[in-house]
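Notes for the structure review
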Amino acid sequence: MSSTPNERKLFGTDGVRGIANVEPVTAETALKLGRAAAHVFKSRAPTPKGHGRHQIVIGKDTRLSGYMLENAIASGVLSMGVDVLMIGPLPTPGVAYITRSLRADAGIVLTASHNSYEDNGIKFFRDDGYKLDDAIEKQIEDLVFSGEIEKIRPTAEHIGKAVRIDDALGRYVEYAKAAFPKGMTLEGLRVIVDAGHGATYKSTPCILRELGATVTVLNNTPDGTNINKGCGSTYPEVLCGYVKQLGADVGITHDGDGDRVQLCDEAGTLVDGDDVLAITALDWLSRGELKKQTLVATVMSNLGLDHTIRDAGGQVVRTQVGDRYVIERMLADDLNVGGEQSGHMIFRDFATTGDGIVSALQVLRIMMDTGKPLSKLRQVVQKFPQLVVNVRVKSKPAWDTMPDILQLVKEAEKTLGDAGRVFLRYSGTEPKARLLIEGRDAGQIKSLADKITGRIKERIGS
């Protein structure tokens, strides 16, 4: 199966993203986005929630360009008569939580997640801490391009003011700890954390230590240019090597903004999002806490996950790629556990968005509860051989304009039959085509993948 590229002007699958100081991630566009967002959120709630003023929270990760975008977007918000609450570097889920906690009208976080420091992006949250739906994004986008609000210029005391919230980190730490049972500690657990020089460099080690774990921290000295550089969830082999070398019980690594997590067991083996979903969903299912006995995953998750949950009496429903779509399905069907293979997991009993440390705490709780090492817990799911190949492309034409590529996909699907699948899409955040191919025979899927990706390179490879 295949998907078409996103055709909107600003918003991709996860907010606005690109090279910092190159459109659309410029100070000029950030200012316009700030103005448009302030107008939209102010219009959605004509009566301010507190202090007689409308308020928007702004947080960021540790990228150098965050300073530029933070000031630009704040200026746009202030120019519309809305106050700004600055919270500085904090994980994306922390921004969502602080937005709810302070009863603000919206939250904005400046991050490009797992991308290198040259990139940056702008994500928005509603007042309830959930990501924006397409309709609100389109409303903001239309205002940016239409100039419709150019004449709205509050003056005198009606201009917004900016204040810095000094206790945001402490608030987030306490919130995350609440996702772990009060009567339980992590005493005796040796944990290695790779913070990737990102937004979790203070919060995750603090949370784990306050819960009693012995923590060793890697890559927690951000300088604005080293976020995700050879470390973090993009390079999990770094963490795995240290866990094995130092004899730790578990390793935890985040992406740049901390909304996802990957783990490593005591043997130095990577534990990805599918493993975490299987471990936690089975536990919640056994305790009657998995709503409607249903787990939400995306089309990228391994077929072995479906078999594992089905054999335990539950089911897996799938969405398109993107944690926002997972959350939308969870909200629509009133489900409470879902996520992606990449490590975005949403536990709606505790969080409104993907939260790396909250997700990790669910696994650590099961380890402490059962007394089993992570290497044992991860054996609950038997994965099908799966291959994911990224091809850098110079453009993203619709797949139906390249029938030769679609024909190769159809032939692969026919070859695999019911025991496998093929999924081809463009990345929503990078100039890449992503091919996922899955089946029972690793050699067969490698051969099929080579044919498809070879043709993609011929047609649109950069």
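Here we come to the overall build of the protein. Helix and strand content of the protein: 14 helices and 18 strands. Its C-alpha atoms give the protein a radius of gyration of 22 Å, near enough to 23 Å, the size a compact globule of 462 residues would have. Principal axes of the C-alpha set define a box for the protein whose edges measure 70 × 60 × 40 Å. Buried residues in the protein amount to 58% of all 462 residues. If you sum the accessible surface of the protein, you get close to 18,500 Å²; carbon and sulfur atoms cover 49% of it. With 58 positive and 59 negative side-chain charges, the protein shows a separation of 1 Å between the mean positions of the two kinds.

The next thing to look at is the packing of aromatic side chains. Evaluated as defined, the whole model comprises six aromatic pairs. Measuring from ring centre to ring centre gives 5.7 Å for Tyr172 and Tyr175, while their planes differ by 35°; the resulting arrangement is tilted. Here Tyr172 pairs with Tyr175, and both are found in helix 5 (residues 168-177), just three residues apart, close to one helical turn. For Tyr172, a relative accessible area of 1% gives the class buried.

Turning to the sheet that holds strand 17 (residues 421-426), a few remarks are in order. With respect to topology, three strands assemble into an open sheet ordered 16-18-17, the strand pairing being antiparallel. In this open sheet, the two edge strands, each paired with only one partner strand, are strand 16 (386-392) and strand 17. On average, adjacent strands in this sheet sit at an angle of 10° to one another, irrespective of strand direction. Sheet strands touched by helix 13 (residues 403-416): strand 17 and strand 18 (432-438). Its angle to strand 17, the strand with the most contacts, is close to 155°.

Moving on to the sheet that holds strand 10 (residues 261-264). Strand order across the open sheet formed by five strands is 8-7-9-10-11, with mixed pairing between neighbours. Strands at the two margins of the open sheet, each flanked by one partner only, are strand 8 (214-218) and strand 11 (270-271). Note that strand 7 (residues 190-194) and strand 8 share five bridges and pair parallel. Paired with Ile192 across the bridge in strand 8 is Thr216. Relative to the sheet, helix 7 (residues 236-246) contacts strand 7, strand 8, strand 9 (250-254), strand 10 and strand 11, its axis offset from that of strand 7 by approximately 155°. With respect to the sheet, helix 11 (residues 356-370) is in contact with strand 9 and strand 10, its orientation differing from that of strand 9 by roughly 165°.

Where helix 3 (residues 92-101) contacts helix 5, the axes come no closer than 10 Å and their chain directions differ by 100°. Classified by the angle their axes make, helix 3 and helix 5 are roughly perpendicular. Counting all contacts with helix 3, which are made through Pro93, Gly94, Tyr97, Ile98, Arg100 and Ser101, the residues of helix 5 involved are Ala168, Arg171, Tyr172 and Tyr175. Taken together, the residues that form the contact of helix 3 with helix 5 break down as six nonpolar, two polar and two charged.

Here the protein shows a mean pLDDT of 94. Residues at 70 or above account for 98%. This stretch, residues 1-8, has a pLDDT under 50; its non-local contacts, to residues over four places away or in other chains, come to 23 contacts.

Before going further, it helps to examine the nonpolar core. Of all hydrophobic cores here, the largest spans 64 residues; its most connected members are Leu186, Leu208, Ile252, Leu263, Leu361, Leu364 and Leu374. Sequence-distant contacts of Leu186, that is, excluding residues within four places in its chain, are made with Phe180, Leu208, Leu211, Gly212, Ala213, Leu361, Leu364 and Met368.

With respect to the helices and strands, the residue Val250 is situated in strand 9. Classification of Val250 as buried rests on a relative accessible area of 0%. For the pair formed by Val250 and Cys264, sequence separation is 14 residues and the distance between their alpha carbons is 5.6 Å. With residues near it in sequence (within four places) discarded, Val250 still touches Leu189, Arg190, Val191, Ile192, Val243, Cys264, Leu364, Met367 and Leu374.

What follows concerns unusual backbone geometry. Excluding glycine, a negative phi dihedral is what most residues carry, and trans is how most peptide bonds are arranged. In this structure, Pro24 follows Glu23 across a cis peptide bond, with omega equal to 10°. Of note, Pro24 is situated in the loop between strand 1 (16-19) and helix 1 (27-44). A positive phi angle, close to 55°, is found at Arg103, a residue other than glycine. Mapped onto the fold, Arg103 is located in the loop between helix 3 and strand 4 (106-110). Notably, Lys292 is not glycine yet its phi reads approximately 55°, a positive angle.

Okay, the side chain of Asn115 next. Mapped onto the secondary structure, Asn115 falls in the loop between strand 4 and strand 5 (119-125). For Asn115, the residues in contact, after removing those within four places along its chain, are Arg17, Arg63, Asn228, Thr429 and Glu430.

Here strand 12 (residues 294-298) pairs with strand 13 (residues 315-319) via five bridges, running parallel. Bridge pairing in strand 13 places Leu295 opposite Val316. For the handedness criterion, the β-α-β arrangement of strand 12, helix 9 (residues 303-311) and strand 13 is classed as right-handed.

Attention now moves to the side chain of Glu430. Following the sequence through the fold, Glu430 ends up in the loop between strand 17 and strand 18. With relative accessibility at 16%, the residue Glu430 sits in the buried group. Every residue in contact with Glu430, bar those within four places of it in the chain, is listed here: His114, Asn115 and Lys396.

Let us look at the pattern of salt bridges. Overall, the coordinates contain 39 salt bridges when judged by the stated rule. In this structure, Asp14 and Lys123 form a salt bridge, with 3.1 Å as the shortest nitrogen-oxygen distance. Within this pair, whereas Asp14 is found in the segment before strand 1, its partner Lys123 is found in strand 5, the two being separated by 109 residues in sequence. Assessed through its relative accessible area of 12%, Asp14 is described here as buried. Judged by relative accessible area, Lys123 falls into the buried class, the value being 2%.

Criteria and thresholds
- Residues numbered from 1 in each chain as written.
- Predicted model: local features only at pLDDT ≥ 70, side-chain atom pairs only at ≥ 80, totals over all residues.
- Heavy atoms only, no water.
- Helix = DSSP H or I, 4+ residues; strand = E, 2+ residues; numbered from the N terminus.
- Rg over C-alpha atoms; globule rule 2.2 N^0.38 Å.
- Buried < 20%, exposed > 50% of the residue type's maximum accessible area, 1.4 Å probe, protein only.
- Areas by Shrake-Rupley, 256 points an atom, 1.4 Å probe, with all protein chains shown as cover.
- Lys, Arg positive; Asp, Glu negative; His and termini not counted.
- Charge placed at Lys NZ, Arg CZ, Asp CG, Glu CD.
- Phe/Tyr/Trp six-rings, centres within 6.5 Å; stacked < 30°, edge-to-face > 60°.
- Pairing = 2+ DSSP bridges.
- Axes fitted to C-alpha atoms, helices over the stretch in contact; angles between N-to-C directions.
- Contact = heavy atoms within 4.5 Å.
- Parallel < 35°, antiparallel > 145°, perpendicular 65-115°, else oblique.
- Nonpolar A, V, L, I, M, F, W, Y, C, P; charged D, E, K, R; others polar.
- pLDDT = per-residue confidence, 0-100.
- Core = buried A, V, L, I, M, F, W, Y, C linked by side-chain atoms within 4.5 Å.
- Right-handed = clockwise from strand over helix to strand, strands pointing away.
- Salt bridge = Lys/Arg side-chain N within 4 Å of Asp/Glu carboxyl O.

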